[in-house]
Each structure stands twice: as C-alpha cells, then as structure tokens.
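Residue-level listing of the chains:
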Amino acid sequence: MSASVRASGVGVRFLFDRDRRVVTPRLARLRRRGTEAWGLREVTFTIAAGEAVALLGRSGAGKTTLLRVIAGVLPADEGVMEVEGRVASLLSVGAGLMAPLTGRENATLLGVLSGHTRRDARRRLGTVRERSGLGDAFERPVSSYSQGMRARLGFAAADEPDTELLLLDEVHEALDHE
Amino acid sequence: MLRAVLGAATARRPSRVPRRDTLAALTHSDLRARYGRGRARVVKWLLDPFFAVGVYLVLVTFVLDRPGDAPGLSIACAVVPFQLVITSIANALLSVQLRRSIVLNMAFDRMLLPLSGVLTEAVAMGASLVLLAILMACYGIAPTVAVLWLPVLVGVTFALSVSIAYPMTVVGLWYPDLRLFVISAGRTLFFVAPGLVALDQVPESAQGWLKLNPLTGIFESFRAVLIHGRAPAAWELAIPLAWSALLLLTAFPLYRAEQRQFAKMVEE
C-alpha cells in the first residue's frame, strides 16, 4: 500500500448572497453584495501509507469539508491537496445512494463512478450483496432501507480490496459494530 | 496507481473507466429514478405524446377550425421533438439536486451529468416516435426515401437539447426558485414557433422571424420528411445547429467552471 495525503495551506471558502444562500464565485460577482466564510484555512498535514487518522473537532470545525477536499468532491480555494492512491469515500448521510434505485442498481452505479467498468461493477455485485448482509433487500429500492441498511450498502460498495484510502465521515455511526 | 493533485488551480482524478461506461451508468440510474420501472413506464412513454397531440389536435381542427395537411401528424411533428427539448430542460434543472448524495460523496466526471439527462429523455422520445408511424398510417401517408433523414433530425434535436441542458443545469443551481418559470419560458418557445400550424400557414411577415427560433427548423424538417416526403431544407437544419454551437460555446466553459462548486451548492 502506498497511499498518501499531503495538504499544504489548504483553504475552502464559502460565499453567501444576501439571503445567506451559498453561491459560486461567478454568481457572487453577479449578485455583488454578499458575505464569505472560510470552512478551512491554512490546513497543512501529511498522512503516510498505512496510517489511520481520526479527525476530532467541534461541530462546524470543518472535518467533513476536509474529507471532501481529500475525496476530490470539493476544490481547495487556496493551497494544494495532493492525494495518491485509490480513494473510496463514505461522506454523506445518504452514503452516496439514490433512494429510487435498488441496492443492486446503486451498487452498480457506485462501482462505475468509483472507477470500475460496468462489467467489473456487475461482477462485484455478489460480493457487495454478501458483505452488505442485506439479503433479499438488496433487490428492493433503497427508499425502503433504514439508515443502518443504507450505511452497510454504502460501506460494502466503497470498501473494495484495491482501496488504498478509505474516507469515512459520520455515516459509520449507523453501522453495526461487527 | 491513481494520483490526484487537488488544489486551487487543479482538481483532476484520472479514471480507468471509459466515459461511455460512466455515461451509461448515469443514464440507466436516471431512467430508473425519473421514470420508474416495469410496464407502466413504457405505457406512460407511449401515451404522453398521444395526449399532448390530442389536446392540440382538438384545439386546431375543431376550436380554431384551421385544418391543414394531416393536422394530427403535423402537430405530432412538432410535439414529439419538442418533448425531448422541454423534458431535457426539466431534467437539467434538477439533475444535480437529484444526485445530491453522490455529488457530496465522491469525485466523478460531472461533465457528463447534462448529457446523461438528455440521453434519458431521448430514450423516452424513442418510444414516442411510434406515434409518428401510427399517425402516418392513419392519414394514409406512405413513407418515402426521405424518411432516411429521420435519424439526422433526431440527432439535430438531440444536439439542441444537449446545448440547452448545460446552461440549464447551472441555472437550476443558481436560481432554484425560478425552475418552474424557466420551464414555462421553455414552453413559450413552442408557441413562438410553428408548433400548432405549419410555417406556410403563418402570415409571411412573421415567417422570417419565426425561422430564427431553433425549434422552427426542427418542426418543419420533421414535416418535410414525414408529410411531404422530401429532404429538409438546408436552413431547417442549419439554424438549430447554429444555435446549438453558439449555446455550447458559451455555456460549456461556464458549466466546466461551475461543476467544481456543485458540492458547495447542494451541501447537506
């Protein structure tokens, strides 16, 4: 395993309009009046291969934002985030699942979006089903799942043998201890 | 080994997956999410244009008393391609919100989102093409060799829909309160084009202006091929294609820049 994360002066800025809605830099220029807040500022660290790191901090400290920058979900507005290795992430309460789709369909979609061909994603479905422990519910729409079932499916789809960097946010709280 | 450098200037994640696989997966999931599954979906796709055309057919032939050449087919030649354009707009306005949990969870090729939305609606349009064949049979119009132009016409309609979908995705995020207004505005495009009656039945003074509407060329080209059995005129394809190119040239760079910020806009 040779995954690593290097952050150097990373910052993420959120811009708001007059109604306190988040806007993009272009939209902020159009609307002129607004405010800004930095979700992260001057974050510098290195995580080497084989390390397990927990982020601790009060609510609103920027833990989720930092994980999203590492995952490539959010861009850094300043500084540089360098990530090496295959990344799998479970960062939203919805665990990246679309409610109208079945467990099988979600697992296929997540497999492709995380870097597998459709054929490979389909081939992995048996493993995902088994690891999720969902049984027949795997064929049902995710809208009928409990939060714990969603988390199990998201985790089973994300944690693959070739994953080198696994990013978990509060979603793991919904998982059973086993 | 994947390597990604994410910074103020770069956010790139090389992927081993062919883009067509990502596009197919996004489209398949979109079809399921928007149209459900099973027979009901196919029935809906088939009946949708029937009802849309039926309303206008009653309006034009009975209420307004303006019969023309095969009025039902003439209206269908406008409604069927218009369905693709308007449903693509509706899809694009919500496409990021619908995939919010994925957008917030993982990095993927978000440039494909509007394209997959239009592909979804194109599948629905494919089902409604059956209506054109049925109406041709009803009016006793035999297909000519000009029907070979049909894939080209569908392609032009698709290109226009894609070019509109990219800016509409951004509009849906920038101005979420205006989604219904934008769809209504899109519908007015149908009525400032020869949707209900063919272009040659519109006063000549208005014909030049109506031709500037990209939908006019599309509607008239479907009529040329399916009703009159001739190849479409050059302007009928050139004007919608010119609009498509113009929209893509202006909106694509905007979308490319904005898609990096999508996760901020749909934050939980």
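Further up the page is the structure itself.
Before going into details, it helps to say that this report is about the structure given with it. Every chain is numbered on its own, with residues counted from 1 as its sequence reads. Chain labels run from A onward and ligand labels from 1 onward, assigned in the order the entries are written. Where local features are concerned, this predicted model is filtered to residues with pLDDT of at least 70; where side-chain atom pairs are given and counted, the filter is 80 or more; whole-chain, interface and lining totals use all residues. With hydrogens and water stripped out, all remaining heavy atoms of the structure feed into the side-chain values.

On the chain A side, the residues contacting the 46 residues of chain B number 58 residues. With both sides pooled, the region where chain B packs onto chain A buries about 4,500 Å², and carbon together with sulfur makes up 57% of that total. Here, a salt bridge means any side-chain nitrogen of Lys or Arg that lies within 4 Å of a carboxyl oxygen of Asp or Glu. Linking chain B with chain A are 4 salt bridges. The shortest N-O distance in the salt bridge between B:K264 and A:D77 comes to 2.7 Å. Polar contacts, as used here, are pairs of N or O atoms within 3.5 Å; protein pairs need one atom able to donate a hydrogen and one able to accept it. Residues neighboring in sequence count only if both atoms are side-chain atoms. Where chain B packs against chain A, one counts 12 residue pairs in polar contact (both at pLDDT 80 or more). Residue contacts are counted whenever heavy atoms from the two residues lie within 4.5 Å of one another. Each of two parts loses accessible area, computed with a 1.4 Å probe, when they are put together; buried area is these two losses added.

Okay, the packing of helix α5 (residues 113-138) of chain B against helix α6 (residues 150-174) of chain B next. Residues and elements named next belong to chain B. Helix axes are fitted to C-alpha atoms over the stretch in contact, other axes to C-alpha atoms as well, and angles between N-to-C directions run from 0 to 180 degrees. Helix and strand definitions follow DSSP, with helices as H or I runs of at least four residues and strands as E runs of at least two, each counted in order from the N terminus. Packing of α5 against α6 leaves a shortest axis separation of 9 Å and a crossing angle of 140°. Between α5 and α6 lies a crossing whose hand is right-handed. Across the interface between the two elements, P114, L115, V118, L119, A122, M125 and L129 of α5 pack against V154, F158, S161, V162, A165, Y166 and T169 of α6. Polarity classes work like this: nonpolar for Ala, Val, Leu, Ile, Met, Phe, Trp, Tyr, Cys and Pro, charged for Asp, Glu, Lys and Arg, and polar for all others, with Gly in that last group. A class-by-class count of the residues in the contact of α5 with α6 yields 12 nonpolar, 2 polar and no charged. For any helix crossing, the convention is left-handed if the near helix is rotated counterclockwise from the far helix by under a right angle, and right-handed if that rotation is clockwise.

All names here are of chain A. The volume enclosed by the second largest pocket comes to roughly 570 Å³. Detection works on a 1 Å grid of protein atoms alone, calling trapped sets that fit a 1.4 Å probe cavities and calling open sets with protein on both sides within 12 Å along at least five of seven lines pockets, with lining residues defined by an atom within 4 Å of a point. The wall of the second largest pocket is formed by 27 residues, among which V53, A54, L67, L166 and L167 lie closest to the centre. Elements that contribute at least two residues to the lining of the second largest pocket include exactly β1 (4-16), β3 (35-47), α2 (63-71) and β6 (165-168). Residue composition of the lining of the second largest pocket, by class: 18 nonpolar, 4 polar and 5 charged. Counting contributing residues per domain, the lining of the second largest pocket is built from domain 1 (4-85) and domain 2 (90-176), each supplying no fewer than three. Grid points are joined across faces, edges and corners, and a volume is the space filled by probe spheres set on the points. Domain segmentation is taken from an automatic or database assignment of domains.

Residues and elements named next belong to chain B. Working definition: a disulfide is two cysteine sulfur atoms within 2.5 Å of each other. Under the definition given, this model contains 0 disulfides over all chains. Take C77: it sits in no disulfide, and the sulfur closest to it among the cysteines is that of C138, at 13 Å. Residue class for C138 comes out exposed when judged on its relative accessible area of 58%. Any residue under 20% of the maximum accessible area for its type is buried, any over 50% is exposed, and the rest in between are partly exposed; the area is computed with a 1.4 Å probe on protein chains only.

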